[in-house]
Amino acid sequence: MNLALQTLVSTIVQGSMLALITIGMSLVYGTLRVLNMAQGVMVMVGGMAAYVFVEQWGLPVWASLLFAAFVAFLLGVVSFYGAVRPLLGRAGVDFEMTAFISTFAIATIIQSLVLAIFGPRQKPFPELVSGRLDLFSGVSITYHSLLMAVVAIGMLLGLGAFLTRNRYGLAITAVAQNLDAARLMGIPARRVYVVTVGLAAALAGIAGVLLAPIYFVYPNSGDLPLLQAMIVAIFAGLGSVRGTIIAAYIIGFVQAAVSIYWSSTYALPVLYAAILIVLVFRPWGIDGKPQEARL
């Protein structure tokens, strides 16, 4: 009973964070058909911005969430104009592959700049709320972990409302569904691209603040979130928002169950095996569509 409850709690926390990190990558791929390799570094940027905000400027830790989201949003927009926009509509260019490489280059540049400015050492970051909640059967959860799940789920619900009720959100949905039809309806696709990339970066920045007290803040702190986001995105089906949320909780459950019932050492190998099975039997993911169905 204890292990089952602990697995459930870990699944909710890990799955919510995985969904928050990956949902931006799915949005960008859905609108631009680009696998954004800078998503992980935006998690790091969010954590580093919060560290400067709290530890160097002495400002409230709660306000660092907004500051990190703002900094990550701006950097996401800059990365779009620097790495993706110059490639749009260019004849004779494999846009998906070239943009994939350029976003990876942008991520490397940002990571190198952070390394040069702040150094390689891990920097501690305080929990947004301290303490621990004792559940029944001897299982407990820190208030910060509980906050991680609450904030992540709240952001996902807010994103869902934004995509279905806000005019800019509806424009993102329209471009993702059919670019040509969206253009014929007068939707400015390039403006949608900017909003989408900035929004994805902001979500990653918030995730970076929530993860900072657990994994610390350092230039390579975005590598593991990027790897996990890619696993979730592939498992879900690239560009599928609904599939991303489902896949995030499935993978969160697998990670929690393997770590609790077996060993955390085998969590990633088991995930790789699961991804291999998905790629062999359903290469478009659990909620994706075969490429010919998009035409």
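Residues numbered from 1 in each chain as written. Predicted model: local features only at pLDDT ≥ 70, side-chain atom pairs only at ≥ 80, totals over all residues. Heavy atoms only, no water.

**A look at the side chain of S79**
The test is simple: Put simply, DSSP H or I for four residues or longer makes a helix, DSSP E for two residues or longer makes a strand, and each gets a number counted from the N terminus. Polar contact criterion, stated in full: a pair of N or O atoms within 3.5 Å, where within protein one must be able to donate a hydrogen and the other to accept it, and residues adjacent in sequence count only if both atoms are side-chain atoms. Any pair of residues with heavy atoms lying within 4.5 Å of one another is described as a contacting pair.
Turning to its location among the elements, S79 is positioned in helix α3 (residues 64-84). Looking at S79, its side chain comes within polar contact range of the main-chain oxygen of G76, at 2.6 Å. Contacts of S79, omitting those with residues within four sequence positions, involve M42, V84, I106 and V197.

**Side note on the packing of helix α9 (residues 223-236) against helix α10 (residues 241-261)**
The cut-off we apply is this: Angles here are taken between N-to-C directions and fall from 0 to 180 degrees, while the axes themselves are lines fitted to C-alpha atoms, restricted in helices to the stretch in contact. Any angle that is under 35 degrees is reported as roughly parallel, and any over 145 degrees as roughly antiparallel; angles of 65 to 115 degrees are reported as roughly perpendicular and all others as oblique. The hand of a helix crossing depends on one turn: near helix anticlockwise from the far one by less than a right angle means left-handed, and clockwise means right-handed. As a working rule, the residues Ala, Val, Leu, Ile, Met, Phe, Trp, Tyr, Cys and Pro are called nonpolar, Asp, Glu, Lys and Arg charged, and the rest polar, with Gly in that last group.
In the contact formed by α9 and α10, the axes pass within 8 Å of each other and the chain directions differ by 120°. Between α9 and α10, the crossing angle belongs to the class labelled oblique. The two elements α9 and α10 meet at a crossing, and its hand is right-handed. Here Q228, I231, V232, F235 and A236 of α9 come into contact with α10, specifically with G243, T244, A247, A248, I250, I251 and Q255. Classifying every residue of the contact of α9 with α10 gives eight nonpolar, four polar and no charged.

**Quick look at the layout of surface pockets**
To keep things clear, this is the line we draw: Detection works on a 1 Å grid of protein atoms alone, calling trapped sets that fit a 1.4 Å probe cavities and calling open sets with protein on both sides within 12 Å along at least five of seven lines pockets, with lining residues defined by an atom within 4 Å of a point. Grid points are joined across faces, edges and corners, and a volume is the space filled by probe spheres set on the points.
Roughly 580 Å³ of volume is contained in the second largest pocket. As for the second largest pocket, its lining consists of 24 residues, and the residues nearest its centre are S10, V13, Q14, I214 and Y215. Elements that contribute at least two residues to the lining of the second largest pocket include exactly α1 (2-32), β2 (140-142), α5 (143-165), α8 (189-215), α9 and α10. Top contributing element to the lining of the second largest pocket by residue count: α1, with eight residues. Class assignment for the residues of the lining of the second largest pocket results in 15 nonpolar, eight polar and one charged.

**Examining a nonpolar patch on the surface**
Selection rule: Exposure above 30% relative accessible area and the lack of any salt bridge qualify a residue for a patch; like charges then connect within 9 Å, and the nonpolar side chains Val, Leu, Ile, Met, Phe, Trp and Tyr within 5 Å. For the area figures, the Shrake-Rupley method with a 1.4 Å probe applies, and any residue is considered shielded solely by the protein chains shown. Note on definitions: salt bridges are taken to be side-chain nitrogens of Lys or Arg within 4 Å of carboxyl oxygens of Asp or Glu. Exposure classes here rest on a 1.4 Å probe applied to the protein chains alone. A residue is buried below 20% of its type maximum, exposed above 50%, and partly exposed in between.
A contiguous nonpolar surface patch, about 360 Å² in accessible area, is contributed by L8, I12, I153 and L157. Elements with a minimum of two residues in the nonpolar patch: α1 and α5. According to the relative accessible area criterion, I153 is partly exposed, its value standing at 32%.

**A look at the nonpolar core**
Applied cut-off: Among buried residues, those of type Ala, Val, Leu, Ile, Met, Phe, Trp, Tyr and Cys that are joined through side-chain atoms within 4.5 Å constitute a nonpolar core.
By size, the foremost hydrophobic cluster in this structure holds 93 residues, and its most contacted members are L32, F125 and L210. Not counting residues within four places of it along the chain, the set of residues in contact with L210 comprises M17, L20, L65, L128, H144, M148 and V151.

**Overview of the packing of aromatic side chains**
Using the following cut-off: Under the pairing criterion, centres of Phe, Tyr and Trp rings, with the six-membered ring standing for Trp, must be within 6.5 Å; the plane angle then separates stacked pairs below 30 degrees from edge-to-face pairs above 60, leaving the rest tilted. Charge-over-ring contacts are defined here by two conditions on Lys NZ or Arg CZ: a distance within 6 Å of the ring centre and an angle within 35 degrees of the ring normal.
Following the criterion strictly, the structure yields five aromatic pairs and no others. Among the aromatic residues, those joined into a cluster by ring pairs are F53, W57 and F67. Note that R167 overlies the ring of Y168, its terminal NZ or CZ placed 5.7 Å from the centroid.

**Quick notes on the UniProt feature "transmembrane region" (unreviewed entry) in the chain**
For clarity, the cut-off: UniProt positions are given in the numbering used here, feature names are shortened, and annotations may be inferred rather than shown by experiment.
Listed under "transmembrane region" (unreviewed entry) in the UniProt record, and renumbered for this structure, are residues 12-30, 37-54, 60-83, 95-118, 141-163, 192-218, 230-254 and 266-285. Note that residues 60-83 is 83% helix and 0% strand, and that its end C-alpha atoms are spaced 34 Å apart. The annotated region residues 230-254 carries 84% helix and 0% strand content, and the separation between its end C-alpha atoms amounts to 16 Å.

**Regarding unusual backbone geometry**
Even without glycine at this site, R33 takes up a positive phi of about 60°. Structurally, the position occupied by R33 is in the loop between α1 and α2 (39-56). Although it is not a glycine, F216 sits at a positive phi angle of roughly 65°. Structurally, F216 is set in the loop between α8 and α9.

**Focus on the side chain of S240**
With respect to the element layout, S240 can be found in the loop between α9 and α10. S240 gets classed as buried once you look at its relative accessible area, which sits at 10%. The residues contacting S240, other than those within four sequence positions of it, are S26 and D287.

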